[in-house]
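Architecture and fold: a report
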Amino acid sequence: MEISALLVASVLVALLVVFAVLRAVRIVPQARARNVERLGRYSRTLQPGLNFVIPFIDRVHPALDLREQVVSFQPQPVITEDNLVVEIDTVLYFQITDPRAAAYEIASYLQAVEQLTVTTLRNVVGSMDLEKTLTSRDTINSQLRGVLDEATGKWGIRVNRVEIKAIDPPKTIKDAMEKQMRAERDKRAAILGAEGQRQSQILTAEGDKQAAVLRAEGNRTARILKAEGEAKAIEEVFQAVHRNDPDPKLLAYQYLQTLPQLAQGPGNTFFVIPSEVTSALQSVSRAFTETLPRSSAVRDRPATDELGAETAAEVARAANAAAEAVADAAEVTTAIPTKSTRTRTAATGTAGLDRETGD
């Protein structure tokens, strides 16, 4: 019996020792911290790693996370300067820098940070109208961070960033803003369309202007070239006429060559033939056989007393051409219809006689 009682007492003592050892050893993970109270008073803060405490005397509080934490608060109603209620959703980034202050300086640092954020947000947004609130997120974030960092410094908390996640105006305001934006887009679209049309018309007018200028320049150049060509042709004919030393008798020969062409028109009903055709031919023949007087245009040509063989050949060809012209005139006269035909003869140096023939 005594042996059994001693064995039980030994086992109990061993268990108590093991339990005491387990209570004396504390392992703290990395980026964590635990506050220790000894007899109800703050003693120290356990650092990451293996730590020893006095069992049943030291009290170890739950671990505090020293990493940067993100807290998203519920949307809070905020009244703007123009008396519009908007719902603002915020996100807070903070980090515990002093575990002792975070545990003993404030009862609940998360609730305190949330309420301080809402209060500061209402103060900041209350001095802005809706349009400025929607476009001044960076300003609101900076002011919130400055106020929160200053207030939470004594709580052992550092506020790194404060972000406005969403700003929701009332539904009626949303509809009005959508209509305004739609009107602005329609206005910009109309302006862009008008600008495009104006540019198109300007470019078209510029193209027409350049085309008209180019056409005018082309016509001017063509007319100048044509006039230069005609002037050169007239000059060549003029020089050729003067080089060949013409006289008035040449007109009679030209007249005889023109006679057949007078009857080629379909509306011609009469034909004029000189009465003394034989005399005209003799005059033409004498004009080509006699020696012509020299003109001023051929003063530089060498003087000759007699016609050479080439000149005689030319005279012969001219006589043959005159005879053929007279024959053509006679054929044209016989081919003219007898209805309402008039033949007018003119006597050289005498009064003309008109004779009319009909059916």
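Thresholds applied
- Residues numbered from 1 in each chain as written.
- Predicted model: local features only at pLDDT ≥ 70, side-chain atom pairs only at ≥ 80, totals over all residues.
- Heavy atoms only, no water.
- Helix = DSSP H or I, 4+ residues; strand = E, 2+ residues; numbered from the N terminus.
- Buried < 20%, exposed > 50% of the residue type's maximum accessible area, 1.4 Å probe, protein only.
- Contact = heavy atoms within 4.5 Å.
- Areas by Shrake-Rupley, 256 points an atom, 1.4 Å probe, with all protein chains shown as cover.
- Salt bridge = Lys/Arg side-chain N within 4 Å of Asp/Glu carboxyl O.
- Expected span 1.5 Å × (residues − 1).
- Arc of directions from axis to C-beta.
- pLDDT = per-residue confidence, 0-100.
- Patch = residues over 30% accessible without salt bridge, like charges linked within 9 Å, V, L, I, M, F, W, Y side chains within 5 Å.
- Pairing = 2+ DSSP bridges.
- Phe/Tyr/Trp six-rings, centres within 6.5 Å; stacked < 30°, edge-to-face > 60°.
- Lys NZ or Arg CZ within 6 Å of the ring centre and 35° of its normal.

What follows is about the overall build of the chain. From N to C terminus, the chain includes nine helices and 13 strands. For the chain, buried positions account for 23% of its 359 residues. Long-range pairs, those at least 24 residues apart, make up 64% of the contacts in the chain with a sequence separation of at least 6. As displayed, the chain offers around 25,100 Å² of accessible surface, 56% of which is attributable to carbon and sulfur atoms.

Scanning all chains against the criterion turns up seven salt bridges. For R161, the salt bridge identified is with E163, shortest N-O distance 2.8 Å. A salt bridge links R198 to E195; the nearest nitrogen and oxygen atoms lie 3.1 Å apart. Of the two residues, R198 and E195 both sit in helix α6 (residues 171–243), three residues apart, roughly one turn of that helix.

Below, the discussion takes up helix α5 (residues 137–152). With 16 residues, α5 extends 22 Å between its outermost C-alpha atoms, agreeing within 8% with the 22 Å of an ideal straight helix rising 1.5 Å per residue. Every buried residue belonging to α5 is among I140, N141, L144, L148 and T152, and all of these are buried. All buried residues of α5 fall inside an arc of 95° around its axis, so they share one side. Every exposed residue of α5 that faces more than 90 degrees away from the buried side is listed here: D138, S142 and E150. Residues of α5 that are buried in the fold lie against β9 (85–96), α3 (109–125), α4 (130–135) and β10 (157–168).

A few words now on the confidence of the model for the chain. Scored by pLDDT, the chain has a mean of 76; 67% of the residues are at 70 or more. Confidence scores differ between elements of the chain, with strand β13 (residues 353–357) showing the lowest mean pLDDT of 34 and strand β2 (residues 32–38) the highest of 93. Of the regions scoring below 50 in pLDDT, residues 332–359 engages in 41 contacts with residues more than four places distant in sequence or in other chains.

Looking now at a nonpolar patch on the surface. On the surface, L16, F19, L39, I54, F56 and I57 cluster together into a nonpolar patch covering about 620 Å² of accessible area. By the element assignment, L39 lies in the loop between β2 and β3 (41–46). A relative accessible area of 73% means that L39 is categorised as exposed.

What follows concerns the pairing of strand β1 (residues 25–28). Side chains on a regular strand alternate between the two faces of the sheet. Burial along β1 is one-sided: R26 and V28 are buried, and none of V25 and I27, which face the opposite way, are. Two strands pair when backbone bridges link them, and β1 and strand β4 (residues 49–52) are joined in this way by four bridges, in the antiparallel orientation. Among the inter-strand pairings, R26 is bridged to a residue of β4, identified as N51.

Moving on, we get to the environment of D89. Looking at the secondary structure, you find D89 in strand β9. Distance from D89 to P75, taken between C-alpha atoms, is 4.2 Å for residues 14 residues apart in sequence. Discounting chain neighbours no more than four positions away, the residues touching D89 are S72, F73, Q74, P75, E163, I164, K165 and A166.

To continue, consider α3. Residues separated by three or four positions in an α-helix point in the same direction, a consequence of the helix having 3.6 residues per turn. Counted at 1.5 Å a residue, the expected span for α3 with its 17 residues is 24 Å, and the 24 Å between its end C-alpha atoms agrees. Buried residues of α3: Y109, A112, V113, L116, T117, V118, T120, L121, V124 and V125, and no others.

On to unusual backbone geometry, then. The phi torsion at L39 lies on the positive side, around 55°, for a residue other than glycine. Although it is not a glycine, N83 adopts a positive phi angle of roughly 60°. Note on placement: N83 falls in the loop between β8 (76–79) and β9. The class for N83 is exposed, based on a relative accessible area of 64%.

In this fold, N141 is placed in helix α5. Judged by relative accessible area, which is 10%, N141 ranks as buried. Sequence-distant contacts of N141, defined by excluding residues within four places in its chain, comprise V162, E163 and I164.

What follows concerns the packing of aromatic side chains. This structure, assessed with the given rule, holds three aromatic pairs. Centroid distance F19 to F56: 6.0 Å. Interplanar angle 40°. Geometry classified as tilted. One end of the pair, F19, is in helix α1 (residues 2–24); the other, F56, is in the loop between β4 and β5 (58–60), with 37 residues separating them in the sequence. Classification of F19 as partly exposed rests on a relative accessible area of 39%. The class of F56 is exposed, set by a relative accessible area of 56%. With a centroid separation of 5.7 Å and 70° between ring planes, the pair formed by Y42 and Y104 is classed as edge-to-face. Taken together, the positions of Y42 in strand β3 and Y104 in helix α2 (residues 99–104) put the pair 62 residues apart, joining distant regions of the chain. The positively charged end of R23 is found above the aromatic ring belonging to F56, 5.5 Å away from the centroid. The lysine or arginine in question, R161, covers the ring of Y93, its NZ or CZ lying 5.5 Å from the ring centre.

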